[in-house]
Every structure is written in structure tokens, then in C-alpha cells.
Amino acid sequence: MYAIYNDGGRPNGILPNVTDEVAEQLPRGYVLFDGEPPEIPQGHRLVVNWETKEIGSEPTPTPPRSSQEEIEELKNEISVLRTTVNYLLGV
């Protein structure tokens, strides 16, 4: 048996190897599950449907890029286009 903390609807950590004695002393917010805890692949995060007790994982979203990062990427693309045009024109 293992437990997952329900942090306002978002899973927050897995407590493996929960015995009946430990389960009795867990603070509110922990939800008990039978079996072995799931393995979460690197780059993924735990997803729990608290009503059905279904557990899975999903890719961790990448953080949004800053304006400066987007500008740098556009500059690089413009440079590549400029080089390609110059090559095609024979300059």
C-alpha cells in the first residue's frame, strides 16, 4: 500500500510502503492506494484522478520562453534565411 498527498487537488509526493499502523497516523490529505506505487518516467509528472483513484503520468510542460529567447531565435532564423538567399543569388 502507498499514499499520495492531495495538495488541493494536485498530487504532491508518493509515500511508499505504508503499513496499516502508518496509515492510521497519516495526517489528513493523504489518500491510500493498494499495490505498488507507480514509476513516473523522467520528464513526466504524476497525475491522479482522486474520484476514481486512477493514477498516471503526463509530460511535464516546458516553461514558456522569455521575450529575449524568442528574439534570439528569430534573429537566428533571419540569419539562416539571409545566408540562404545570398547563396541562391550567388552573392
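It should be noted that the structure appears before, not after, this text.
Cut-offs applied
- Residues numbered from 1 in each chain as written.
- Predicted model: local features only at pLDDT ≥ 70, side-chain atom pairs only at ≥ 80, totals over all residues.
- Heavy atoms only, no water.
- Helix = DSSP H or I, 4+ residues; strand = E, 2+ residues; numbered from the N terminus.
- Rg over C-alpha atoms; globule rule 2.2 N^0.38 Å.
- Buried < 20%, exposed > 50% of the residue type's maximum accessible area, 1.4 Å probe, protein only.
- Phe/Tyr/Trp six-rings, centres within 6.5 Å; stacked < 30°, edge-to-face > 60°.
- Lys NZ or Arg CZ within 6 Å of the ring centre and 35° of its normal.
- Contact = heavy atoms within 4.5 Å.
- Pairing = 2+ DSSP bridges.
- Axes fitted to C-alpha atoms, helices over the stretch in contact; angles between N-to-C directions.

Participant: Quick rundown of the overall build of the chain? Include the residues and the values.
Facilitator: Along the chain, the regular secondary structure elements total two helices and five strands. Taken from the N to the C terminus, the helices and strands of the chain come in the order β-β-α-β-β-β-α. Against the globule reference of 12 Å for 91 residues, the chain gives a C-alpha radius of gyration of 24 Å, more extended than a compact globule. Judged by the C-alpha coordinates and their principal axes, the chain covers about 80 × 25 × 20 Å. Every one of the 91 residues in the chain was classed for burial, and the buried ones make up 12%.

Participant: Describe the packing of aromatic side chains, and please don't skip the residues or the numbers.
Facilitator: In the structure shown here, the tally under the stated rule is two aromatic pairs. Between Y2 and F33 the ring centres are 5.4 Å apart and the planes differ by 15°, which places this aromatic pair in the stacked class. With Y2 in strand 1 (residues 2-7) and F33 in strand 3 (residues 30-33), this pair connects stretches of sequence that are 31 residues apart. With respect to class, Y2 is no different from F33; both count as buried. Against the face of F33 rests K53, its NZ or CZ located 5.3 Å from the ring centre.

Participant: Residues and numbers for the environment of Y5, please.
Facilitator: With respect to the helices and strands, Y5 occurs in strand 1. Between the alpha carbons of Y5 and Y30 there is a distance of 4.3 Å; along the sequence they are 25 residues apart. Not counting residues up to four positions away in its chain, the partners in contact with Y5 are R10, P11, N12, G13, R28, G29, Y30 and W50.

Participant: I'd love a proper account of the sheet that holds strand 3, names of residues and values included.
Facilitator: Sheet architecture is open: three strands sit in the order 2-1-3, paired in antiparallel fashion. Single-partner strands in this sheet number two, and they are strand 2 (10-15) and strand 3. On average, each strand axis in the sheet is tilted by 30° relative to the strand beside it, whichever way the strands run. Bridging between strand 1 and strand 3 involves four bridges; their strand directions are antiparallel.

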